[in-house]
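The primary structure of each chain is shown beneath.
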Amino acid sequence: MANTWGYGAMTNHLGDIQKSKAIIIFGANPAVNHPVGFRHFLLAKQKGAKLIVVDPRFTHTAAKADYFAQIRPGTDIAFIYGMLHIIFKNGWEDKDYIEKRTYGMEAIIEEAKKWTPEVVEDVTSVKKEILEEIAKVYAQNRPGTLIWAMGLTQHTIGTSNTRMAPILQLVLGNVGVEGGGTNILRGHDNVQGASDMGCLSENLPGYYDLNETSWKWFSKQWGVSHEWMKSRFINEDMMYKKGFTLARWWAGVLNGKDGNDPIDNAGTSLKALVVLGNGITSTAQQTKVKEGLDNLDLLVLADPFVNEAAIITDKKDNIFLLPTATQFETSGSVVATNRSGQWRYQVVEPLYECKPDQEILFELAKRIGFYDEYTKTIRDDKGNIEWPEAATREIANTLKSIGYTGWTPERLKKHTDNWDKFDQVTLKGSGEFENEYYGLPWPCWTETHPGSPNLYNINLPVSKGGMGFRARFGHIRDGKNLLAEEGSAPVDSSINGGYPQITKENIEKVLGITLSEEEKAQMGNSWSTDASNIIAQKCLEKEIAPYGNAKARAIAWNFIDQIPLHREPLHSPRQDLVEKYPTFEDQENQYRVFTRFKSIQSAKNYSKEFPINLITARLVNLNGAGMENRASMYLTRLTPEMFCDINPALAAKYDIKDGSMMKIHSPEGTWIKVKARFTHAVNEKSIFLPFHFTGIMQGVDMTKNFPAGTAPYASGESANTVTNYGYDISCQIPETKGGLCRIEKA
């Protein structure tokens, strides 16, 4: 659903799951990875909700499910089309919703006709009877919520997966309703906030596009001239180009060296890497990560623990470890997975020589020579910075695009201080907070707006959290209306149907108002670049969403696949299906890097040499890269060493015993040696690896590189040493959930 702001924002929230009649989970294991949040799933079940799990493994979540489909990795689109085939065949779709609030659903209906239960069974390995049962149960128990995590996203077609899942929800009218929506589970407490703040290389903070309008807006908000901002780039063109991704930063260092993919980076390779609190050892292709680290001129790692990027490199000089403060030693706002803001209070002062992140960044800005510009709008007349309140106000005043305006530090603190005044199921407050939702989930259009608990809900007035779909792509496409039809506006709206994004140019006509000359002089050109916030205020008076009211797009003409299509993983166990559902053409310059798709997939029949599906996932006690967790003796005792989950029947074919060592080989020519752990949770065609270990690489113990007294209680081979080459066609997330491997007795 391309009308959403990003591919990971929850439309609803965890408590809202208790209002669901059916819950379907793709590629997520909340019973293990989100145990606190999973209580909402269990409470929903107690109220009668049906729980459906679609996963390659029989997980702890699957053990609580009413229905379980053990799907072949990388075939989620085929499975969902199979559900839609059955839904359309039986007339279970929400026809009125589709007609009034979606665009291009005819193409989805045509594609779904191809995906009969028999075809889906062949492609996904899910029995047609299970598919039919799941489709019926999910369609007939509404509202239904759809949950996903990295198991759905980490594929070459990950972006298509995250379009396909919302399309299923649109077909059933499950978007914009309580108990419905698409709800994405994040692995850390501020992943949504990091995304909102522009920790992605394809946009500015708030998901503003990399264009001249956006740069001028941010230059203005940061108190610098647009010309000065342009001077920070080697040329103006580079201002508008996507940067390297976390998945492939190392390609920027290697720059085509020794057969690596070539780059387009203004004629130079990356020379320095500064890492603040990111476990880059949990990313794919660790041997390439090591190669990139080895070839850097400068490596700076700022972390409360020793970042193991410093350990797995053979680089001998210009590596700097900066001890940073933990979340308990700092304060400021964070954003939960449901778009709610919370205030994190400092518990203790930073210990020893540790510095908070902003102090490190301020010092770096001073040495590079732009500290004054960097801090211009958050310093007072005496040069002092009220941290983090001043930065929080700047963020609220700048990120109009997703409705941060109402997030003043005072409001966020007040909510956090009075969390007990809010209902966990609805987020609605009581007493003095009766007209607000906990954490003021964005969009929070003004400093009096209550926040928006459920995106795209037209059953509420805009002033109370309602809205339609965002109008981003014009009004007409191929002669068809892209705006919502009559009767599809939020409650009490002065316009009963669709309307465009509100701008200075159209506001009087669309809202039917007359502005004063003073208001016109203060107003920005668009709702998203209006520092005065007059546009948003005038819109709310008329119960109009500033971003418009359009249809959700089933057809996204700006994508290579205009509707989601099943494409086999680059390394597929089904060569016959590769020929029927091939991958994309190679991409010349994807995030500055040549990225291979078809040339990899067509190189050979990988299934002959590498017949086993490789699955990776998270363990709750170790989390991300596992650096801080493996430094705890108590957490480490739960999983003291790296392991491989393997089905006893598969192990028997290779004479591998429970608890014995086994080797795992990847198509990249890499291998790891780990301990076998017998389980029936994986089938006879797959193995499972947790991705939290590192320190040993292809048998070489590199833990000697730890400074004295800093080594964690456990180290081991990394699953990402053997994850396969492969990246999403749109966002370049690695294909860690759809690879192949070969195993043998060690």
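Residues numbered from 1 in each chain as written. Predicted model: local features only at pLDDT ≥ 70, side-chain atom pairs only at ≥ 80, totals over all residues. Heavy atoms only, no water.

Per an unreviewed UniProt entry, the chain carries the name Formate dehydrogenase, alpha subunit and comes from Campylobacter sputorum subsp. sputorum. In its Subcellular location (unreviewed entry) section, the UniProt record describing the chain reads: "Cell envelope". (UniProt positions renumbered as here; feature names shortened; annotations may be inferred.)

A. Structural view of the sheet that holds strand 24 (residues 716–717). Across the sheet, 3 strands lie side by side as 23-22-24; this open sheet has mixed pairing. Strand pairing shows two members of the sheet lacking a second neighbour, strand 23 (700–701) and strand 24, which therefore form its edges. (Pairing = 2+ DSSP bridges. Helix = DSSP H or I, 4+ residues; strand = E, 2+ residues; numbered from the N terminus.)

B. Main features of the pairing of strand 11 (residues 341–344). As paired elements, strand 10 (residues 332–335) and strand 11 share 4 bridges and run antiparallel to each other. The partner of Ser-333 across the bridge, within strand 11, is Trp-343. Hairpin geometry of strand 10 and strand 11 is characterised by an intervening segment of 5 residues between the two adjacent antiparallel strands and by a positive phi of about 80° at Arg-339.

C. Highlighting the domain arrangement of the chain. In terms of domain boundaries, the chain breaks down into domain 1 (1–184), domain 2 (191–408) and domain 3 (575–745). A C-alpha centroid distance of 34 Å is found between domain 1 and domain 2. On the side of domain 2, 7 residues touch domain 1, which itself brings 8 residues to the contact. Together, the buried faces of domain 1 and domain 2 total about 610 Å²; carbon and sulfur atoms form 54% of this surface. Here domain 1 and domain 2 share 0 salt bridges between them. Run the count over domain 1 and domain 2 and you get 3 residue pairs in polar contact (both at pLDDT 80 or more). Split into classes, the residues belonging to the side of domain 1 that touches domain 2 amount to 4 nonpolar, 4 polar and no charged. (Domains from an automatic or database assignment. Contact = heavy atoms within 4.5 Å. Buried area = accessible area lost by both parts, 1.4 Å probe. Salt bridge = Lys/Arg side-chain N within 4 Å of Asp/Glu carboxyl O. Polar contact = N/O pair within 3.5 Å; in protein donor to acceptor, adjacent residues only side chain to side chain. Nonpolar A, V, L, I, M, F, W, Y, C, P; charged D, E, K, R; others polar.)

D. Broad picture of the UniProt feature "domain: Molybdopterin dinucleotide-binding" (unreviewed entry) in the chain. As recorded in UniProt, the feature "domain: Molybdopterin dinucleotide-binding" (unreviewed entry) lies at residues 613–738. Secondary structure over residues 613–738 splits into 10% helix and 27% strand, and the C-alpha atoms at its two ends are 7 Å apart.

E. Region of the structure containing the UniProt feature "domain: Molybdopterin oxidoreductase" (unreviewed entry) in the chain. As recorded in UniProt, the sites labelled "domain: Molybdopterin oxidoreductase" (unreviewed entry) are residues 9–367. The span residues 9–367 is 37% helical and 14% strand by assignment, and the distance between its end C-alpha atoms comes to 36 Å.

F. Broad picture of the packing of aromatic side chains. Counting across every chain of the model gives 22 aromatic pairs. Pairing Trp-445 with Tyr-547 gives two aromatic rings, centres 5.9 Å apart and planes at 90°, and the pair type is edge-to-face. Of this pair, Trp-445 sits in the loop between helix 19 (409–417) and strand 12 (476–477) while Tyr-547 sits in the loop between helix 22 (534–541) and strand 14 (552–553), placing them 102 residues apart in sequence. Comparing Trp-445 with Tyr-547, the two get one shared label, buried. By way of ring pairs, the aromatic residues Phe-362, Phe-370, Tyr-371, Tyr-374 and Trp-387 are connected into one cluster. (Phe/Tyr/Trp six-rings, centres within 6.5 Å; stacked < 30°, edge-to-face > 60°. Buried < 20%, exposed > 50% of the residue type's maximum accessible area, 1.4 Å probe, protein only.)

G. Quick peek at the state of the cysteines. Within this structure, the stated rule accounts for 0 disulfides. With no disulfide of its own, Cys-199 lies closest to Cys-731 among cysteine sulfurs, the gap being 15 Å. (Disulfide = S-S within 2.5 Å.)

H. Inspection of the packing of helix 4 (residues 76–89) against helix 6 (residues 105–113) at higher detail. Running from amino to carboxyl end, helix 4 crosses helix 6 at an angle of 100°, the nearest separation of the two axes being 8 Å. Between helix 4 and helix 6, the angle is such that the two are roughly perpendicular. Contact residues: Tyr-81, Leu-84, His-85 and Phe-88 in helix 4; Ile-108, Ile-109, Glu-111, Ala-112 and Lys-113 in helix 6. Within the contact of helix 4 with helix 6, the residues separate by chemical class into 6 nonpolar, 1 polar and 2 charged. (Axes fitted to C-alpha atoms, helices over the stretch in contact; angles between N-to-C directions. Parallel < 35°, antiparallel > 145°, perpendicular 65-115°, else oblique.)

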